[in-house]
Amino acid sequence: MTEKEMLQKNIEEFSRLQNYMILSEKDSEAYKVMKDRYIELKVILTACGIHLTELDKIKE
């Protein structure tokens, strides 16, 4: 997998995950697990130089 494909995959996962988080109750166990992955993806994308201002719907 190329770097570009990996970035695309992570951006798509970040977007999809945020949609699931928006639909979930914030105090649920599922939300807590998704938030951990959300933070991981934010770190990965930021380290790759992706500006999340436009992509981040959750903003936590």
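A brief report on the enclosed structure follows. (Residues numbered from 1 in each chain as written. Predicted model: local features only at pLDDT ≥ 70, side-chain atom pairs only at ≥ 80, totals over all residues. Heavy atoms only, no water.)

1. Digging into the packing of helix α1 (residues 3-23) against helix α2 (residues 29-47)
Geometry of a packed helix pair, given as the angle between the helix axes and the separation of the axes. The interhelical angle for the contact between α1 and α2, taken along N-to-C directions, is 150°, at an axis separation of 10 Å. In terms of orientation, α1 and α2 fall into the roughly antiparallel class. You can see that α1 and α2 cross each other, and the crossing is left-handed. Residue-level contacts link L7, N10, I11, E13, F14, L17, Q18, Y20 and M21 of α1 to Y31, M34, K35, R37, Y38, L41, K42, I44 and L45 of α2. (Axes fitted to C-alpha atoms, helices over the stretch in contact; angles between N-to-C directions. Helix = DSSP H or I, 4+ residues; strand = E, 2+ residues; numbered from the N terminus. Parallel < 35°, antiparallel > 145°, perpendicular 65-115°, else oblique. Left-handed = near helix turned anticlockwise from the far one by under 90°. Contact = heavy atoms within 4.5 Å.)

2. Topic: α2
Helix length check: α2, at 19 residues, gives a terminal C-alpha distance of 28 Å against a target of 27 Å (1.5 Å per residue), a fit within 8%. Every buried residue of α2 is accounted for by Y31, M34, Y38, L41 and L45. Projected onto a plane normal to the axis of α2, the buried residues spread over an arc of 80° and lie on a single side. Residues of α2 that are exposed and point over 90 degrees away from its buried face: E29, V33, V43 and A47. Check the buried side of α2 and you find it contacts α1. One or two steps after α2, the chain reaches G49, where phi turns positive at roughly 90°. (Expected span 1.5 Å × (residues − 1). Buried < 20%, exposed > 50% of the residue type's maximum accessible area, 1.4 Å probe, protein only. Arc of directions from axis to C-beta.)

3. As for α1
Note on helix geometry: an α-helix contains 3.6 residues per turn, so any two residues three or four positions apart are oriented the same way. For α1, with 21 residues, the first-to-last C-alpha span of 31 Å sits near the 30 Å given by 1.5 Å per residue. Considered for burial, the residues of α1 that qualify are L7, N10, F14, L17, Q18 and M21. Buried residues of α1, viewed axially, fall in a sector of 105°; they line one side. The exposed residues of α1 that point more than 90 degrees off its buried face are K4 and L23. If you follow the buried residues of α1, they end up packed against α2.

4. A word on the nonpolar core
One finds F14, L17, M21, Y31, M34, Y38, L41, L45, L52 and I58 forming the largest nonpolar core, which totals ten residues. Of all elements in the fold, only α1 and α2 reach the threshold of two or more residues within this core. In terms of residue count, the dominant contributor to this core is α2 (five residues). Setting aside chain neighbours within four positions, we find L41 in contact with N10, E13, F14 and L17. (Core = buried A, V, L, I, M, F, W, Y, C linked by side-chain atoms within 4.5 Å.)

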